[in-house]
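Each chain, letter by letter, is given below.
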Amino acid sequence: MKLIFLGPPGVGKGTYASRIGPLMGIPQISTGDLVRGEIKNQTPLGEKIKEYSDKGLLVPDEVITEMLKKRLEEDDAQKGFILDGFPRTLNQAGLLENVAEIDQVINLNLADNVLVQKISARRICRNCGDIYNIADIHEGDIHMPPVLPKKEGACDRCGGPLYHRDDDKEGVVRERLLVYKKETQPLIDYYREKGILKDFHVNAGPKQMVPKLMELIKGK
Ligand code: ADP
Ligand code: ZN
């Protein structure tokens, strides 16, 4: 199954992709991770894309699509995959069509004020990218318990140090939400018109939501 997870920053896209992927036996492919990998390994491509990433700008569509295409050619992606962070613009959605045929697009959503609380409380493993959250959110019918590591400040998966991304700090978060609405919202309409979009409202923590999301994906 070839899936795209869409959703604003903080909705839990990466977390859900990383849990649903293993349940379905398909890899989670995050373009943000691909970008960070190239930069970390100081490849020629990495040098080029670092300028964009450092400024919080999108890497040019042709460059990011080429990186993704290579990743999708690897063995583990032949059965299917979950795309997380791609496409981000209508132009990328068009380019993707030459590369893969998508079965379903999952549109994850959550109220803006909850997103802001959640992102500001996000902690990420510096080694493996595993995601935790220290917020305990009660807002109307939304109850999201914190996702804490077993040992404070250390990743459960690899023991690496947890950190707070600079662009996860509260001031920047509202701006990122605006950018998301402007750039990515058109994608929702695009896939809805194609008839492959499914909406998923997040109103609890991953423990309760993961089985519901599996049902939504399977119930095609
Ligand atoms: P963010 O949620 O801050 O955008 P990501 O981890 O998704 O973080 O991406 C990190 C960086 O990688 C982005 O700032 C951007 O430079 C680049 N990037 C990731 N995905 C894409 C994409 N689909 N198109 C262009 N650039 C991308
Ligand atoms: Zn880790």
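This text gives an overview of the structure that appears in the document. (Residues numbered from 1 in each chain as written. Chains lettered and ligands numbered in written order. Predicted model: local features only at pLDDT ≥ 70, side-chain atom pairs only at ≥ 80, totals over all residues. Heavy atoms only, no water.)

**Brief notes about the overall build of the chain**
Next up, step 1: On a plain count of helices and strands, the chain comes out with eight helices and 10 strands.
Next up, step 2: Relative to the globule expectation of 17 Å for 220 residues, the C-alpha radius of gyration of the chain, 17 Å, shows essentially globular dimensions.
Next up, step 3: By principal-axis analysis of the C-alpha atoms, the chain measures approximately 45 × 40 × 35 Å.
Next up, step 4: Looking at the chain as a whole, 47% of its 220 residues qualify as buried.
Next up, step 5: At a minimum sequence separation of 6, the contacts of the chain that also span at least 24 residues come to 69%.
Next up, step 6: When the accessible area of the chain is evaluated, it comes to approximately 11,700 Å², of which 50% is carbon and sulfur surface. (Helix = DSSP H or I, 4+ residues; strand = E, 2+ residues; numbered from the N terminus. Rg over C-alpha atoms; globule rule 2.2 N^0.38 Å. Buried < 20%, exposed > 50% of the residue type's maximum accessible area, 1.4 Å probe, protein only. Contact = heavy atoms within 4.5 Å. Areas by Shrake-Rupley, 256 points an atom, 1.4 Å probe, with all protein chains shown as cover.)

**Looking at the site of ligand 1**
Next up, step 1: Taken together, the neighbourhood of ligand 1 is formed by 16 residues, with R36, L57, R88, Q92 and R165 sitting nearest.
Next up, step 2: Between an oxygen atom of ligand 1 and a side-chain N or O atom of R36, the distance comes to 2.8 Å.
Next up, step 3: Within the side chain of Q92, a nitrogen or oxygen atom sits 2.8 Å from a nitrogen atom of ligand 1.
Next up, step 4: Burial of ligand 1 by the protein amounts to 86% of the accessible area it has alone, namely 530 Å². (Near = heavy atom within 4 Å. Polar contact = N/O pair within 3.5 Å; in protein donor to acceptor, adjacent residues only side chain to side chain.)

**Topic: the sheet that holds strand β9 (residues 162-163)**
Strand pairing in a sheet relies on backbone hydrogen bonds. The paired strands run either parallel or antiparallel.
Next up, step 1: An order of β6-β5-β9 is seen for the three strands of this open sheet, with the pairing classed as antiparallel. Every other strand in the sheet has two partners, leaving β6 (131-133) and β9 as the edge strands with one partner each.
Next up, step 2: The sheet contact formed by strand β5 (residues 122-125) and β9 spans two bridges and is antiparallel. Bridge assignment links C125 to a residue of β9, and that residue is L162. (Pairing = 2+ DSSP bridges.)

**Some points on the environment of K55**
Next up, step 1: For K55, the location among the structural elements is in helix α3 (residues 44-55).
Next up, step 2: Residues K55 and H138, spaced 83 residues apart in sequence, show a C-alpha to C-alpha distance of 34 Å.

**A short note on the coordination of the zinc ion (ligand 2)**
Next up, step 1: Protein-derived ligands of the zinc ion (ligand 2) are C125 (SG), C128 (SG), C155 (SG) and C158 (SG), with the metal-ligand distances lying across 2.3 to 2.4 Å.
Next up, step 2: Relative to the metal, the four donor atoms surrounding the zinc ion (ligand 2) lie at angles of 97 to 115°, and the coordination shape comes out tetrahedral.
Next up, step 3: All donor residues of the zinc ion (ligand 2) come from one chain, and their arrangement in sequence is C-x2-C-x26-C-x2-C. Placement of the pair is C128 in the loop between β5 and β6 and C158 in the loop between β8 (142-144) and β9, with a sequence separation of 30 residues. (Donors = N, O, S within 2.8 Å, 3.2 Å for Na, K, Ca; no water. Tetrahedral: all angles 85-135°; square planar, octahedral: opposite > 155°, others 65-115°.)

**Considering the packing of aromatic side chains**
Next up, step 1: The tally for this structure, following the rule as stated, stands at one aromatic pair.
Next up, step 2: On the numbers, 5.1 Å between centres and 75° between planes, the contact of Y190 with Y191 is edge-to-face.
Next up, step 3: On the basis of relative accessibility, which here comes to 24%, the residue Y190 falls in the partly exposed class. (Phe/Tyr/Trp six-rings, centres within 6.5 Å; stacked < 30°, edge-to-face > 60°.)

**Details of the packing of helix α6 (residues 112-120) against helix α7 (residues 170-194)**
Next up, step 1: Direction vectors running N to C along α6 and α7 enclose 130°, while the axes themselves pass 10 Å from each other. On the basis of their axis angle, the class for α6 and α7 is oblique. You can see that α6 and α7 cross each other, and the crossing is right-handed. For the pair α6 and α7, contact is made by D112, L115, V116, I119 and S120 and by E170, V173, R174, R176, L177 and K181, respectively.
Next up, step 2: Here the residues of the contact of α6 with α7 are counted per class, giving five nonpolar, one polar and five charged. (Axes fitted to C-alpha atoms, helices over the stretch in contact; angles between N-to-C directions. Parallel < 35°, antiparallel > 145°, perpendicular 65-115°, else oblique. Left-handed = near helix turned anticlockwise from the far one by under 90°. Nonpolar A, V, L, I, M, F, W, Y, C, P; charged D, E, K, R; others polar.)

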